[in-house]
Amino acid sequence: MRVYVREMELHPGFARSFLIEILTAGPRALELRGVRALRVADEGLVSAAAPAELQLEALPDEVFRAAVGASNELVVTRLERRGEPGQRPLEELVLYSLLSRRGALR
């Protein structure tokens, strides 16, 4: 997820196209975006989430896709607020959103 978020932050034009403008590009574009979200979830989260380390039971795939969706919303918010002073690092916000379970960050 860190690489994904970093790339989105480093390439705001791509991020805007991939996350915002694609919504008007038609059903095939949305299908491809959904496929990419699943790939990010499969490659990034399933291997890195380590449910055993967090003392969680095995999680259904939908949880990982939802995590990608939440991360995407944070990227979109950052795009909208780009350049505002005092913002926390995007990676940090994504980490908190993914590990917001009580005690997971301790």
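See above for the structure.
The sections below set out a description of the structure shown in this document. (Residues numbered from 1 in each chain as written. Predicted model: local features only at pLDDT ≥ 70, side-chain atom pairs only at ≥ 80, totals over all residues. Heavy atoms only, no water.)

1. Considerations on the nonpolar core
How we decide: We call a set of buried Ala, Val, Leu, Ile, Met, Phe, Trp, Tyr and Cys residues a nonpolar core when their side-chain atoms join them within 4.5 Å. Type-normalised accessible area, obtained with a 1.4 Å probe on protein chains alone, sets the label of each residue: buried when under 20%, exposed when over 50%, and partly exposed for intermediate values. Put simply, DSSP H or I for four residues or longer makes a helix, DSSP E for two residues or longer makes a strand, and each gets a number counted from the N terminus. Whether two residues are in contact is decided by their heavy atoms, any of which lying within 4.5 Å being enough.
Ranked by size, the top nonpolar core spans 14 residues in total, and within it Met 1, Tyr 4, Val 5, Met 8, Leu 19 and Val 75 carry the most contacts. Elements represented by at least two residues in this core include exactly helix 1 (2-10), helix 2 (12-19), helix 4 (61-80) and helix 5 (90-98). Here the element with the most residues in this core is helix 4; it accounts for four residues. Excluding residues within four positions of it along the chain, Val 75 makes contact with Met 8, Ala 15, Leu 19 and Leu 90.

2. Describing helix 1
Condition: Within this analysis, the arc is defined by the directions that extend from the helix axis to the C-beta atoms.
Buried residues of helix 1: Tyr 4, Val 5 and Met 8, and no others. Take helix 1 and look down its axis: the buried residues cluster within an arc of 95°, on one side only. Projecting away from the buried face of helix 1 at angles above 90 degrees are the exposed residues Arg 2, Val 3 and Leu 10.

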